[in-house]
Amino acid sequence: MKPKVLLVIGTACTTALAACDDSGGSVDASAPTVGSSSDLSSFEGARAGQAEMGIQSLGFELIRSEGLTSYWFNKDTGACARITTSEGRYSDVAMLPSGDC
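Quantities reported herein were computed from a predicted structural model and do not represent experimental measurements. (Residues numbered from 1 in each chain as written. Predicted model: local features only at pLDDT ≥ 70, side-chain atom pairs only at ≥ 80, totals over all residues. Heavy atoms only, no water.)

1. Concerning the overall build of the chain
Inference 1: Helices and strands together make up the secondary structure of the chain, namely two helices and four strands.
Inference 2: Starting at the N terminus and ending at the C terminus, the chain contains elements arranged as α-α-β-β-β-β.
Inference 3: A separation of at least 24 residues holds for 38% of the contacts in the chain among residues at least 6 apart in sequence.
Inference 4: As displayed, the chain has an accessible area near 6,800 Å², and 56% of this comes from carbon and sulfur atoms. (Helix = DSSP H or I, 4+ residues; strand = E, 2+ residues; numbered from the N terminus. Contact = heavy atoms within 4.5 Å. Areas by Shrake-Rupley, 256 points an atom, 1.4 Å probe, with all protein chains shown as cover.)

Right under this line is the structure:
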């Protein structure tokens, strides 16, 4: 009898949790959870190796690197970002005029 009770409780919990999803099924799993195609400042503090894919997913291309500083440009939005890495993290993210890229 105990396994049946656990099964009923488990089913009820699963149903209740499924009802909590208000996304309407429109969540894009490939979209980064931070940043936008015109502003990367929210990437400050992120781990460099992990964040790079997110930056590329937003349409940015690496234009050049100078030591631990890299310049990223989004040709669709004209956004330019200067990102400095320190100890494996983005320590400074600054949005610049497009001409700086």
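2. Quick look at the state of the cysteines
Inference 1: Evaluated as defined, the whole model comprises one disulfide.
Inference 2: Here Cys-80 connects covalently by a disulfide to Cys-101, the sulfurs 1.9 Å from one another. For the disulfide bridge between Cys-80 and Cys-101, the dihedral angle about the S-S bond is near 85°, and by the sign convention the bridge is right-handed. Separated by 21 residues along the polypeptide, Cys-80 in strand β3 (residues 79–86) and Cys-101 in the segment after β4 (89–96) bring together distant segments of the chain.
Inference 3: Residue classification places Cys-101 among the partly exposed residues on the basis of a relative accessible area of 22%. (Disulfide = S-S within 2.5 Å. Buried < 20%, exposed > 50% of the residue type's maximum accessible area, 1.4 Å probe, protein only.)

3. Section: the environment of Ala-79
Inference 1: Following the sequence through the fold, Ala-79 ends up in strand β3.
Inference 2: Residues Ala-79 and Cys-101, 22 residues apart in the sequence, show an inter-C-alpha distance of 8.8 Å.
Inference 3: Setting aside residues up to four positions removed in sequence, Ala-79 forms contacts with Ser-37, Ser-38, Phe-60, Trp-72, Phe-73, Asn-74 and Met-95.

4. Digging into the sheet that holds β4
Inference 1: Spatial ordering of the open sheet is given by β1-β2-β3-β4, a layout of four strands whose pairing is antiparallel. Bordering the open sheet on either side are β1 (61–66) and β4, each of which pairs with just one other strand. Strand-to-strand twist in this sheet, taken as the mean axis angle between neighbours without regard to direction, amounts to 25°.
Inference 2: In this sheet, β3 lies alongside strand β2 (residues 69–74) in antiparallel orientation, the contact comprising six bridges. Bridged to Trp-72 within β3 is Ala-81.
Inference 3: On the sheet, helix α2 (residues 48–57) packs against β2, β3 and β4 and is oriented at approximately 30° with respect to β4. (Pairing = 2+ DSSP bridges. Axes fitted to C-alpha atoms, helices over the stretch in contact; angles between N-to-C directions.)

5. Remarks on the nonpolar core
Inference 1: With 13 residues, the main nonpolar core has Leu-40, Phe-43, Ile-55, Phe-60, Trp-72, Ile-83 and Tyr-90 as its most contacted residues.
Inference 2: Listed by contribution, the elements that provide at least two residues to this core are α2, β3 and β4.
Inference 3: Filtering out sequence-adjacent residues up to four positions away, Phe-60 remains in contact with Ser-36, Ser-37, Ser-38, Leu-40, Ile-55, Trp-72, Phe-73, Asn-74 and Ala-79. (Core = buried A, V, L, I, M, F, W, Y, C linked by side-chain atoms within 4.5 Å.)

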